[in-house]
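Commentary on secondary and tertiary structure
Take a look at the letters that make up each chain.
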Amino acid sequence: MLQGESELTLDGKGRMTVPARHRDSLAALCAGQMTVTKSPSRCLLLFPRPAWEEFRAKLMGLPMDAESWRRIFIGSALDVEIDSGSRIQLSPELRRWAGLDRELMLVGMGTRMEIWDRGRHQALEDATLAQPMPDSVSKLVM
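How each quantity is defined
Residues numbered from 1 in each chain as written. Predicted model: local features only at pLDDT ≥ 70, side-chain atom pairs only at ≥ 80, totals over all residues. Heavy atoms only, no water. Salt bridge = Lys/Arg side-chain N within 4 Å of Asp/Glu carboxyl O. Helix = DSSP H or I, 4+ residues; strand = E, 2+ residues; numbered from the N terminus. Buried < 20%, exposed > 50% of the residue type's maximum accessible area, 1.4 Å probe, protein only. Pairing = 2+ DSSP bridges. Patch = residues over 30% accessible without salt bridge, like charges linked within 9 Å, V, L, I, M, F, W, Y side chains within 5 Å. Areas by Shrake-Rupley, 256 points an atom, 1.4 Å probe, with all protein chains shown as cover.

Counted according to the given criterion, the structure contains 7 salt bridges. The salt bridge involving Arg118 is made with Glu7; its shortest N-O contact spans 3.7 Å. Note that Arg118 is positioned in helix H5 (residues 118–130) and Glu7 in strand E1 (residues 2–9), a separation of 111 residues in sequence. A residue is classified by how much of its surface remains accessible, and Arg118, at 19% relative accessible area, is buried. On the basis of relative accessible area, Glu7 is assigned to the exposed category, the value being 56%. The salt bridge partner of Glu114 is Arg112, with a shortest N-O separation of 3.5 Å. Since its relative accessible area comes to 25%, Arg112 is described here as partly exposed. By sharing partners, the salt bridges in this structure join Glu7, Glu103 and Arg118 into a single network.

A few words now on unusual backbone geometry. Non-glycine residue Arg42 carries a positive phi angle of around 70°. By the element assignment, Arg42 lies in the loop between strand E3 (33–38) and strand E4 (44–48). Accessibility expressed as a relative area gives 39% for Arg42, which makes it partly exposed.

Glancing now at the pairing of strand E7 (residues 103–110). The buried fraction of E7 is high, at 6 of 8 residues. One ladder, built from 8 bridges, connects E1 with E7; its direction is antiparallel. Residue Leu2 lies in a different strand from E7, and its bridge partner there is Gly110. Pairing of E7 with strand E8 (residues 113–117), which is carried by 5 bridges, proceeds in the antiparallel orientation. Across the sheet, the residue bridging to Gly108 is Met113, located in E8. Taking the residues between adjacent antiparallel strands as the criterion, E7 and E8 are bridged by 2 residues.

Turning to a nonpolar patch on the surface, a few remarks are in order. On the surface, Met133, Val137, Leu140 and Val141 cluster together into a nonpolar patch covering about 380 Å² of accessible area. Mapped onto the fold, Val137 is located in helix H6 (residues 135–141). Accessibility expressed as a relative area gives 34% for Val137, which makes it partly exposed.

Printed below as a string of structure tokens:
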């Protein structure tokens, strides 16, 4: 289970360091092999390879009216590996698309992680908290 937030810094070569608390589980789960792709939320999704393969199979099973969404997810997907320095290389195209500059937020979301520009993530969180909580969530947590 990938969960929690980590503030990270993108280095000059477009690499981000995988937080120590995730390294052992990712090594066991996917031997450091991961896939990064676009998210409709304008962040990047980072999947351990087995979780990506399940998600990709579900996408491929969708009807033709989902072709544009398949193109976003599968067409932009990039297989990456955690290197010896515990880093992942993010392509310039994906960084540009998600508006990633230097300060990042890595958010564990269960079977995947999200990579956000830190300022955009904070603004989204503030906007979410400014809205009423949906009934489905309030019944769960209240």
